[in-house]
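Spelled out from the first residue to the last, the chains are:
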Amino acid sequence: MISLVEGGPPVECELTAEQAAALAAVKAVRVSPGPRAGLWKVRDNGYVGAAVIGGVEVRITPKIPVDRVFFLLGYAHRPGGWRQEEVDAGEHPDLLPALAHAYARAADRALRQGVLQGYREVEEALPVVRGRIREADQLRRRYGLPLPVEVRYDDYTVDIAENRLLLAASARLLRLPGLAVPTRRTLRHVIARLAGVTPPVPGRPAPDWRPSRLNTRYHTALGLAELVLRGASYELDDGTAVRVDGLLVEMWRVFEDFVTVALAEALRPYGGRSDLQDRRHHLDHGERVRLRPDLVRYAPGLGGREVPAGVVDAKYKISTGPDRHNADLYQMLAYCTVLGLDRGHLVYAEGEAEPYRHVVRGAGIEITQHALDLTLPPTGLLSAVARLAGSIAREAPKLHATTWSVGS
């Protein structure tokens, strides 16, 4: 087993050439030759979690507390996040065992009041009429024969999307390494309670569900189940016989999703509109170079026409050297130039950048670097985001000579 820490030093380990190639192919870790044959240096590549890759178990511990990772994941998925008493990660320092523990407890708690039932539309052939006859199917498939009858009806059953999602997440977790015995026991109990629910089919998308008053007690378990299944993107055979089975999360994406969703929520009271991953803009008139800022805030301009009023890009990276943020500044300068704004904001995880304001020569553009401390408790972290939203909202946009239009 290879144990890594996010952003930590490389670990030297004995690997065959085939194992090293399998690890390098997946790109979840970085692999380089060691000081002698058969010894390799392995370090993280921006992912946290655990997986078996080419027969080698890899565990990557996040550099922030695992309950903060849950909060960031949960908030991006469900604005407002989960309350601490809803998601209990236990004492597990690693993401996968902690997520499995939290999910198992939440699912067990959701099912204590009984398995949720609901109506599901069913289409089948029956010897009697039930519900509505599918006349077109009856004529096409039965050629005028009266029986069986092609019908469509609503069935009150446990085989609904919510229970299918819980069953899929439970089955997936039981296949993964590093779970505690009590967690596995709870997951088996959850699966036993879901008798009568259609088992998951590998490769199929996760069942789609909608929050409602009726499934309120399932909400936390369903949110965690989706996180479990979302991490399944690395469970594949990529054509080179490299098998990856585990749950790996890209921390830069987690941070980016949290910042944009939380900031959009914090900007809502100030009016205007926030677009996430706005893809309508191009750097050049020929529209060959597309821009995609993480968040663009729009506000009413002259004549009530919407104009850009702020732009934000989130950066979660582990970089070293004096020029580690130069590319970010150039990127933000391009955003401000195209959007016609005199200010832009870069948001980093604390430790990657200190708050600083850059004034661009000859352009009249200011680029501010902000730092968020991810070790703060959720209330403190959201307060920091609210202060950032306030500073962005109070900035009256000063449009450049650049003429701005949708799709520019």
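What you see as residue numbers is a count from 1 along each chain, following the sequence as written. Only residues with pLDDT of 70 or above have their local features reported here, since the model is predicted, and side-chain atom pairs are shown and tallied only from 80 upward, although totals for entire chains, interfaces and linings are computed over all residues. Here the side-chain values reflect all heavy atoms present in the structure, with hydrogen atoms and water set aside.

Here we look at the pairing of strand β1 (residues 2–5)
Part 1 of the reasoning: Three labels apply to residues, based on accessible area from a 1.4 Å probe with only protein chains included: buried if under 20% of the type maximum, exposed if over 50%, partly exposed otherwise in between. Segments assigned H or I by DSSP are reported as helices when at least four residues long, segments assigned E as strands when at least two residues long, and all are numbered from the N terminus. Across the two faces of β1 the burial differs, with Ile-2 and Leu-4 buried and Ser-3 and Val-5 not buried at all.
Part 2 of the reasoning: Pairing geometry for β1 and strand β6 (residues 56–61), over 4 bridges, is parallel. Bridge assignment links Leu-4 to a residue of β6, and that residue is Ile-60. Pairing between strands requires that DSSP locate at least two bridges from one strand to the other.

What to know about the sheet that holds strand β2 (residues 11–14)
Part 1 of the reasoning: With antiparallel pairing, 3 strands are arranged side by side in an open sheet as β2-β4-β3. Edge positions in the sheet fall to β2 and β3 (29–33), since each has one partner strand and no second. Mean inter-strand twist for the sheet, computed between neighbouring axes without regard to direction, equals 35°.
Part 2 of the reasoning: One ladder, built from 5 bridges, connects β3 with strand β4 (residues 39–44); its direction is antiparallel. Paired with Pro-33 across the two strands is Trp-40, which belongs to β4.
Part 3 of the reasoning: Relative to the sheet, helix α1 (residues 17–26) contacts β3 and β4, its axis offset from that of β3 by approximately 140°. Axis lines are fitted to C-alpha atoms, over the contacting stretch for helices. Their N-to-C directions set the angle, which ranges from 0 to 180 degrees. Two residues form a contact once any of their heavy atoms are found within 4.5 Å.

Here's the deal with the sheet that holds strand β16 (residues 356–359)
Part 1 of the reasoning: One open sheet holds the 6 strands; their spatial order is β12-β13-β14-β15-β17-β16, and the pairing between them is mixed. Of all strands in the sheet, those bounded by a partner on one side alone are β12 (273–276) and β16. The mean angle between the axes of side-by-side strands here comes to 20°, regardless of whether they run parallel or antiparallel.
Part 2 of the reasoning: With 7 bridges joining them, strand β15 (residues 343–349) and strand β17 (residues 366–372) adopt parallel strand pairing.

So, the confidence of the model for the protein
Part 1 of the reasoning: Across the protein, the average pLDDT comes to 82, with 85% of residues at 70 or higher.
Part 2 of the reasoning: Mean pLDDT per element in the protein: strand β10 (residues 236–237) is the minimum at 40, and helix α6 (residues 181–193) is the maximum at 95.
Part 3 of the reasoning: In the model, residues 232–241 has pLDDT below 50 throughout and makes 15 contacts with residues more than four positions away in sequence or in other chains.
Part 4 of the reasoning: Per-residue confidence from the predictor is reported as pLDDT, which spans 0 to 100. In the predicted structure, residues 399–408 sits below a pLDDT of 50 and forms 29 contacts with residues beyond four places in sequence or in another chain.

Comments concerning unusual backbone geometry
The phi torsion of most residues other than glycine is negative, and most of the peptide bonds are trans.
Part 1 of the reasoning: With phi around 50°, Gln-277 is a residue other than glycine that occupies positive phi space.
Part 2 of the reasoning: Summarising the element assignment, Gln-277 is placed in the loop between β12 and β13 (295–300).
Part 3 of the reasoning: Even without being a glycine, Glu-287 presents a positive backbone phi close to 55°.
Part 4 of the reasoning: Overall, Glu-287 belongs to the partly exposed group, its relative accessible area being 45%.

Comments concerning the pairing of β6
Part 1 of the reasoning: Along β6, the buried face is formed by Val-56, Val-58 and Ile-60; none of Glu-57, Arg-59 and Thr-61, which line the opposite face, is buried.
Part 2 of the reasoning: Where strand β5 (residues 47–53) lies against β6, 5 bridges are found, and the strand directions are antiparallel. When the sheet's bridge partners are listed, Ala-50 is paired in β6 with Arg-59.
Part 3 of the reasoning: With antiparallel pairing between neighbouring strands as the criterion, β5 and β6 make up a hairpin whose turn holds 2 residues, including Gly-54 at a positive phi of roughly 60°.

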